[in-house]
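Residues per chain are reported as follows:
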Amino acid sequence: MSRAAERLRLMINHLDRSSATISAVPTYAQTFTSRPQTLRFTHDTDLLTPEQRLFYEENGFLLIKNLVSEEDIDKFRMAFERICRQEVKVPGLVVMRDVAIVKSEFVADEKAVSKLQDFQEDPELFRYCNLPQILNYVECFTGPNIMAMHTMLINKPPDAGKKTSRHPMHQDLHYFPFRPADSIVCAWTAMEKVDRQNGCLVVLPGTHTGTLQEHDYPEWEGGVNKMYHGVRDYDPKHPRVHLEMEKGDTVFFHPLLIHGSGMNKTQGFRKAISCHYASAECYYIDVKGTLQENIENEVKDIAIRKYGLGEITFKDTWALRGRLVQGERTSL
Ligand SMILES: CCCC(=O)SCCNC(=O)CCNC(=O)[C@H](O)C(C)(C)COP(=O)(O)OP(=O)(O)OC[C@H]1O[C@@H](n2cnc3c(N)ncnc32)[C@H](O)[C@@H]1OP(=O)(O)O
Ligand SMILES: Nc1ncnc2c1ncn2[C@@H]1O[C@H](COP(=O)(O)OP(=O)(O)OP(=O)(O)O)[C@@H](O)[C@H]1O
Ligand SMILES: O=C(O)CCC(=O)C(=O)O
Ligand SMILES: [Fe+2]
Ligand SMILES: [Mg+2]
């Protein structure tokens, strides 16, 4: 047994005696040859410390400091700027502008872009999704066969005065027609210092143990960005944590974790890069007649326009974008 595994066993035994949250003492076989009941959200790859595993199990996220080098982040930033200056054309890329900006005056390009989505065909930006130190963590949540399903570079603009720079509280699983949720994880890396002033991530710890909630556009006076759905009955009293991060810090989080981001009260553009990974063994589901039907319809409308197709299934919009980053492409 590895030292980490031994410490984990001791910790579980300790927790079993001291709290009601983890009840059954797992046998040796349950703990170390398969995923035991008590550790539902993480795999043992000898990377996570027992403390880190238990933290993710309980909270649904894990912050790793200083995981991506300054040099890499500076390169991603330059690649972003080249795209904004329209020096490169990337197939499939979605360039999004903040709703308050598109609906008002013309703004020079770089400053109008609030998000790039689907950069899987940009070799420099996609290098982020292949970084070995990121994949080593991702494997703890997805297992060894890993697909990069969804990529974003978020350039949260200074708020134009209508609070449209906020991202409402949501669960990312709302957007995904594949399961199981526990084999999906997001990696989100701060490209500069992010804090409450420029709109850091805000998470509701522990909500990953719940179910997928109904999402819709929040009723915000100043407007909401396209597809920025929020959980229908957001309870502002639920304890929240503001994730203040330094450049290069990376948070991994579960797709049911309720999270959002506050408004950007500074004059800078708050940058982050992220990728949603899923186990290649995940399978597509039909979301017709479920809570996800509203997002399916919106995505299909946009995809039909974007790819100039007559008809496309929600599932195919994902299968087209997904890329294998480790192991074997089996199902997704
Ligand atoms: C885990 C995943 C979590 C998430 O994915 S959260 C958010 C996901 N966000 C997205 O998927 C971004 C989707 N955005 C897009 O697809 C495009 O940016 C979008 C909104 C279709 C616009 O693209 P284009 O059609 O190329 O742009 P356009 O300038 O020609 O505008 C067409 C009409 O759309 C409007 N528009 C553009 N950006 C918007 C925005 N941010 N919010 C709301 N409306 C927006 C724009 O005003 C225009 O409307 P109109 O025709 O003038 O009435
Ligand atoms: N009605 C709502 N529905 C969904 N999400 C919401 C709602 N109201 C606020 N949020 C989200 O809650 C998070 C925190 O919001 P906000 O920035 O207003 O608070 P804050 O960061 O605590 O503000 P401050 O830093 O000024 O105290 C953001 O993700 C925001 O988009
Ligand atoms: O970077 C942010 O503000 C959060 C973005 C986010 O949660 C998302 O796009 O799903
Ligand atoms: Fe999200
Ligand atoms: Mg805020």
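Quantities reported herein were computed from a predicted structural model and do not represent experimental measurements.

Draft legend 1. Local environment of the pattern of salt bridges. One pass over the structure, following the stated rule, counts 16 salt bridges. Between Lys247 and Glu70 there is a salt bridge, with its nearest N and O atoms 3.3 Å apart. One end of the pair, Lys247, is in the loop between strand S11 (241-243) and strand S12 (250-253); the other, Glu70, is in helix H4 (residues 70-84), with 177 residues separating them in the sequence. For Lys247, a relative accessible area of 27% gives the class partly exposed. Arg85 is the salt-bridge partner of Glu87, the closest N and O atoms lying 2.5 Å from each other.

Draft legend 2. Region of interest: the side chain of His229. Position of His229 relative to the elements: it lies in the loop between strand S9 (215-216) and strand S10 (230-231). In this structure the side chain of His229 is engaged in a polar contact, spanning 2.9 Å, whose partner is the side chain of Glu298.

Draft legend 3. Expanded view of the pairing of strand S14 (residues 270-279). Of all the 10 residues making up S14, 10 are buried; the element is thus mostly covered by neighbouring parts of the structure. Burial along S14 is two-sided: the face carrying Arg270, Ala272, Ser274, His276 and Ala278 and the face carrying Lys271, Ile273, Cys275, Tyr277 and Ser279 are both buried. For strand S7 (residues 184-190) and S14, the ladder comprises seven bridges, and the chain directions are antiparallel. Directly across from Ala190, in S14, lies its bridge partner Ala272.

Draft legend 4. Expanded view of the sheet that holds strand S13 (residues 259-261). Here four strands make up an open sheet; going across it, the order is S5-S13-S8-S11 and the pairing antiparallel. Since the sheet does not close on itself, it has two edges, and those belong to strand S5 (167-170) and S11, each with one partner. The sheet shows a mean angle of 25 degrees between the axes of neighbouring strands, taken without regard to direction. Relative to S11, strand S8 (residues 201-203) is paired through three bridges, and the arrangement is antiparallel. Bridge pairing in S11 links Val202 to His242.

Draft legend 5. View of the site of ligand 1. In the region of ligand 1, 20 residues are neighbours, and Met96, Arg97, Gln117, Asn225 and Lys226 sit closest. One of the backbone nitrogen or oxygen atoms of Arg97 is found 2.7 Å away from a nitrogen atom of ligand 1. Here a nitrogen atom of ligand 1 sits 2.9 Å away from a polar atom, N or O, in the main chain of Lys226. For ligand 1, the cavity whose grid points lie within 2 Å of the majority of its atoms is the largest pocket. Secondary structure elements with two or more residues in the shell around ligand 1: strand S2 (94-97), helix H5 (99-102) and strand S3 (113-117). Looking at which element gives the most residues to the shell around ligand 1, the answer is S2, with four residues. Along the lines of polarity and charge, the residues of the shell around ligand 1 split into 10 nonpolar, five polar and five charged.

Draft legend 6. Expanded view of the side chain of Arg321. Relative to the helices and strands, Arg321 is located in helix H10 (residues 314-321). A relative accessible area of 9% places Arg321 in the buried class. Here Arg321 is in contact with Asp118, Gln120, Ala148, Met149, His150 and Tyr307, once residues within four sequence places are set aside.

Draft legend 7. Quick peek at the site of ligand 2. Around ligand 2 there are 14 residues in total, and His167, Arg196, Arg240, Ser261 and Lys265 lie nearest to it. Side-chain polar atom of His242 to an oxygen atom of ligand 2: 3.2 Å apart, as the coordinates give it. Here ligand 2 occupies the second largest pocket. Those elements that place two or more of their residues in the shell around ligand 2 are S5 and S13. Looking at the shell around ligand 2 residue by residue, the class counts come to five nonpolar, five polar and four charged.

Calculation rules
- Along each chain, the written sequence defines residue order, and numbers are assigned to residues from 1.
- Lettering of chains starts at A and numbering of ligands starts at 1, both following the order in which they are written.
- Only residues with pLDDT of at least 70 get local features here, since the model is predicted, and only at 80 or more are side-chain atom pairs given and counted; chain-wide, interface and lining totals rely on the full set of residues.
- In computing side-chain values, all of the structure's heavy atoms are included and hydrogens and water are not.
- When a carboxyl oxygen of Asp or Glu is within 4 Å of a side-chain nitrogen of Lys or Arg, the pair counts as a salt bridge.
- Per the convention used, a helix needs a DSSP run of H or I reaching at least four residues, while a strand needs a run of E reaching at least two, with both numbered from the N terminus.
- Each residue gets one of three labels from its accessible area relative to the maximum for its type: buried under 20%, exposed over 50%, partly exposed in between, using a 1.4 Å probe on protein chains only.
- Nitrogen and oxygen atoms within 3.5 Å of one another constitute a polar contact, given that in protein one can donate a hydrogen and the other can accept it, and given that sequence-neighbouring residues count only through two side-chain atoms.
- When DSSP locates at least two bridges between a pair of strands, those strands are taken to pair.
- Axis definition: a line fitted to C-alpha atoms, over the contacting stretch in the case of helices. Angles run 0 to 180 degrees between N-to-C directions.
- By convention in this text, a residue qualifies as near a molecule or strand provided that one of its non-hydrogen atoms is within 4 Å of it.
- Definitions used for this entry: grid spacing 1 Å over protein atoms alone; cavity, a set of points where a 1.4 Å probe fits but cannot get out; pocket, an open set with protein on both sides within 12 Å along at least 5 of 7 lines; lining residue, one with an atom within 4 Å of a point.
- Assignment of a molecule to a cavity or pocket requires that more than half of its atoms lie within 2 Å of the corresponding grid points.
- Only Asp, Glu, Lys and Arg are considered charged in this grouping, and only Ala, Val, Leu, Ile, Met, Phe, Trp, Tyr, Cys and Pro are considered nonpolar; every other residue, Gly among them, is considered polar.
- Pairs of residues are marked as contacts when any of their non-hydrogen atoms sit within 4.5 Å.

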